[in-house]
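Structural description and commentary
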Amino acid sequence: MNIAIFGDSFANGETGGEPKLNHAGLTQYLFDDGHFVVNFSRQGNTMDGMLDDYPFHLRQNEHLKFDIALVFQTENSRSTPDWINHIKSGMSVKEVDVHMSKDYYGELLKSQE
């Protein structure tokens, strides 16, 4: 199976606090199981960054014919201005997280059309 991975440091593997990977994490496990895997995740990536990365990398790599894309969601609060504006509007932290997650997954879905 051809697999694409998107996300932040959680999707990127184990760094141990260093700028290099100590272990490729899920990418390595999937590779060891015989899959072809390309990990497009980036350390410190945001939700907006992933929404940019996802369609761009899939479009640029159509020749790889990915069977599945695994997307790791990061903390909504990394989109700091949006998060703060929702909190200031009177939404609870849980409401903000639910609202921003729904928007995020809606945008991912649109980028597949």
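Everything here concerns the structure above.
Here's what I pulled together on the structure shown here. (Residues numbered from 1 in each chain as written. Predicted model: local features only at pLDDT ≥ 70, side-chain atom pairs only at ≥ 80, totals over all residues. Heavy atoms only, no water.)

**Overview of helix H3 (residues 47–60)**
Relative to the 20 Å expected for 14 residues at 1.5 Å per residue, H3 spans 20 Å between its end C-alpha atoms, a close match to the ideal helical length. Structurally, H3 contributes buried residues whose contacts are with strand E1 (2–6), strand E3 (68–71) and helix H5 (93–111). (Helix = DSSP H or I, 4+ residues; strand = E, 2+ residues; numbered from the N terminus. Expected span 1.5 Å × (residues − 1). Contact = heavy atoms within 4.5 Å.)

**Quick notes on H5**
The terminal C-alpha atoms of H5 lie 27 Å apart, and with 19 residues this matches the ideal 27 Å at 1.5 Å per residue to within 8%. Tucked inside the fold, the buried residues of H5 contact H3, E3 and helix H4 (80–88).

**Overview of the pairing of E1**
Of all five residues that make up E1, four are buried, and the element is covered over most of its length. Sheet topology note: the E1/E3 ladder contains four bridges and is parallel. Of the residues in E3, the one forming a bridge with Ala4 is Ala69. (Buried < 20%, exposed > 50% of the residue type's maximum accessible area, 1.4 Å probe, protein only. Pairing = 2+ DSSP bridges.)

**Description of the pattern of salt bridges**
Evaluated as defined, the whole model comprises two salt bridges. Between Glu107 and Lys110 there is a salt bridge whose closest N-O contact spans 3.0 Å. Highlighted residues: Glu107 and Lys110, both in helix H5, separated by three residues, approximately one helical turn. Using a relative accessible area of 36% as the deciding quantity, one classes Glu107 as partly exposed. (Salt bridge = Lys/Arg side-chain N within 4 Å of Asp/Glu carboxyl O.)

**Examining the packing of H4 against H5**
Contact geometry for H4 and H5: axes closest at 9 Å, N-to-C directions at 130 degrees. Relative to H5, the element H4 lies oblique. Classified by chirality, the crossing of H5 by H4 is right-handed. Side by side, H4 and H5 meet where Asp82, Trp83, His86 and Ile87 of the first sit next to Val93, Val96, Asp97, His99 and Met100 of the second. Class assignment of the residues belonging to the contact of H4 with H5 gives a composition of five nonpolar, two polar and two charged. (Axes fitted to C-alpha atoms, helices over the stretch in contact; angles between N-to-C directions. Parallel < 35°, antiparallel > 145°, perpendicular 65-115°, else oblique. Left-handed = near helix turned anticlockwise from the far one by under 90°. Nonpolar A, V, L, I, M, F, W, Y, C, P; charged D, E, K, R; others polar.)

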